[in-house]
Each structure stands twice: as structure tokens, then as C-alpha cells.
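# Residue-level structure breakdown
Spelled out, the chains give:
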Amino acid sequence: MKDSRSPGEGRAGFSLVELVVAILLLAVGVLALAGSTAFVIRTVTVSDLGTQRAAALQSTIEALRAQPFTSLAAGSDQIAPFQVSWEIDPDGIDGPHSRTIQIVTTGPGMQAAGGGGMPALTNDAVDTFRYVITR
């Protein structure tokens, strides 16, 4: 007896080659998504640390501005994960009417790698800021 079906009429589903190609495409997509997720997490972490560092710096500046001008002195403080220290230069940009303050924050953040490599997250990144208080 002859088969009365037309060619291709009885076939249903995917071939093995189609299945392997689909799985390969799916795997490449999932790996790309995983790499993007790691990048986003690192970027958010760096941004969060930058915000915390700026808050520690702002807190220190506000505390120094609250002191009488004549009693400004060097010191240090621990603010969240950051060690903040400052030095006072009595000869500011306006002579005796201003004080230049050098504030150094040490704590988690991005540290430039030596030899032109990529910056890396570290627990002892150092940033230096200068601030001027006038009388």
C-alpha cells in the first residue's frame, strides 16, 4: 500500500540540529545577561561608595564650619567605613582671613591600578580634598 500523505505532512516538531542551535543561542544570551548583571552590580556598588564618601566629607566640612574660626585645628574622625583626617593651613588664600583645610578620606572605593591597568575596588582607597573657610 502506498502512503497517501504528501511529503512533509506527517512531520512535526524540531530536528536535532534546530534544537542544538536554539540551545546555543539561549546559552549565549544567558551568559551575556550574567556579564551585564555583574557590571551593573559593580557600578552600583562604586556609586554607593562614592555617595557615602561624599556624605563623610560633607559631615566633616559642616563640623569644621561650626567651630569658631580661631579654634580650627587638625584632627581625625571615623565616619561610617571611612577614616577622615584633616590638616589646617593657617595661611589661606586670603592671608589671615581664611584657612585652607586639606581633608583626606581613607576607606572603600576605587583605586587606580599601577602600570595603566584597570581601577579596582579596594578597602583602602584614599581621596584628598581641599576646602577654604573664610572669616
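Per chain, residues are indexed from 1 in the order of the written sequence. In keeping with the predicted nature of the model, local features appear solely for residues at pLDDT of at least 70, side-chain atom pairs appear and are counted solely at 80 or more, and the whole-chain, interface and lining totals rest on all residues. No hydrogens and no water enter the side-chain calculation; it runs on all heavy atoms of the structure.

This part is about the overall build of the protein chain. Secondary structure assignment for the protein chain yields one helix and four strands. Note on conventions: DSSP H or I runs of at least 4 residues are helices, E runs of at least 2 residues are strands, and numbering of each starts at the N terminus. In the protein chain, the succession of helices and strands from N to C terminus is α-β-β-β-β. Only protein chains enter the accessibility calculation, which uses a 1.4 Å probe. A residue is then buried if its area is under 20% of the maximum for its type, exposed if over 50%, and partly exposed in between. A total of 135 residues make up the protein chain; the buried ones form 19% of that total. The contact criterion used throughout is that any non-hydrogen atoms of two residues lie within 4.5 Å. For the protein chain, the share of sequence-separated contacts (at least 6 apart) that also reach a separation of at least 24 residues comes to 49%.

Right, let's get into the pairing of strand E3 (residues 98-111). Of all the 14 residues making up E3, ten are buried; the element is thus mostly covered by neighbouring parts of the structure. Note that strand E2 (residues 82-89) and E3 share seven bridges and pair antiparallel. The residue of E3 that forms the bridge with Ile 88 is Ile 101. DSSP-based pairing: two strands are paired if at least 2 bridges between them are found. As judged from the 13 bridges shared by E3 and strand E4 (residues 120-134), these two strands associate in the antiparallel manner. In the sheet register, Gly 107 faces E4, and the bridge partner there is Ala 125.

A cluster of nonpolar side chains, Leu 16, Leu 19, Val 20 and Ile 23, forms an exposed patch at the surface whose accessible area comes to about 400 Å². Topologically, Leu 19 is positioned in helix H1 (residues 16-66). By relative accessible area, which is 43% here, Leu 19 ends up partly exposed. Residues enter patches when their relative accessible area tops 30% and they take part in no salt bridge; the joining distance is 9 Å for like charges and 5 Å for the nonpolar side chains Val, Leu, Ile, Met, Phe, Trp and Tyr. Shrake-Rupley sampling with a 1.4 Å probe provides the accessible areas, and residues are treated as covered by the protein chains on show and by no other component. Any carboxyl oxygen of Asp or Glu that lies within 4 Å of a side-chain nitrogen of Lys or Arg is treated as forming a salt bridge with it.

It is worth spelling out the nonpolar core at this point. Grouped together as the largest cluster of nonpolar side chains are 13 residues, with contacts concentrated most on Leu 64, Val 84, Trp 86, Ile 101, Ile 103 and Ile 133. Counting residues per element, this core draws most heavily on H1, which supplies four residues. Residue contacts for Leu 64: discarding those within four places in its chain leaves Leu 72, Trp 86, Ile 101 and Ile 133. Here, nonpolar core means buried Ala, Val, Leu, Ile, Met, Phe, Trp, Tyr and Cys residues that are tied together by side-chain atoms lying within 4.5 Å of each other.

Strand order in this open sheet of four strands is E1-E2-E3-E4, and the pairing throughout is antiparallel. Of all strands in the sheet, those with a lone pairing partner are strand E1 (75-79) and E4, marking the two edges. When the angles between neighbouring strand axes are averaged without regard to direction, this sheet yields 20°. What counts as an axis is a line fitted to C-alpha atoms, over the stretch in contact for a helix, and the angles between N-to-C directions run from 0 to 180 degrees. Sheet strands in contact with H1 are E1, E2, E3 and E4, and its direction is about 155° off that of E3.

A few words on the confidence of the model for the protein chain. Scored by pLDDT, the protein chain has a mean of 86; 87% of the residues are at 70 or more. pLDDT is defined as a per-residue confidence score from the predictor, taking values between 0 and 100. When mean pLDDT is taken per element in the protein chain, E1 scores highest with 95 and E4 scores lowest with 90.

As for its position among the elements, Arg 99 is in strand E3. Classification of Arg 99 by relative accessible area gives buried; the value is 16%. Polar contacts, as used here, are pairs of N or O atoms within 3.5 Å; protein pairs need one atom able to donate a hydrogen and one able to accept it. Residues neighboring in sequence count only if both atoms are side-chain atoms. Within the local environment of Arg 99, its side chain forms a polar contact with the backbone oxygen of Pro 96, the two atoms lying 3.4 Å apart.

Bringing the environment of Arg 53 into the picture now. Locating Arg 53 in the fold gives a position in helix H1. Take Arg 53: its relative accessible area is 6%, and that puts it in the buried class. Separated by 53 residues in sequence, Arg 53 and Thr 106 have C-alpha atoms that sit 8.9 Å apart. The contacts of Arg 53, once residues within four sequence positions are left out, are Phe 82, Thr 105, Thr 106, Gly 107, Pro 108, Gly 109, Ala 125 and Asp 127.

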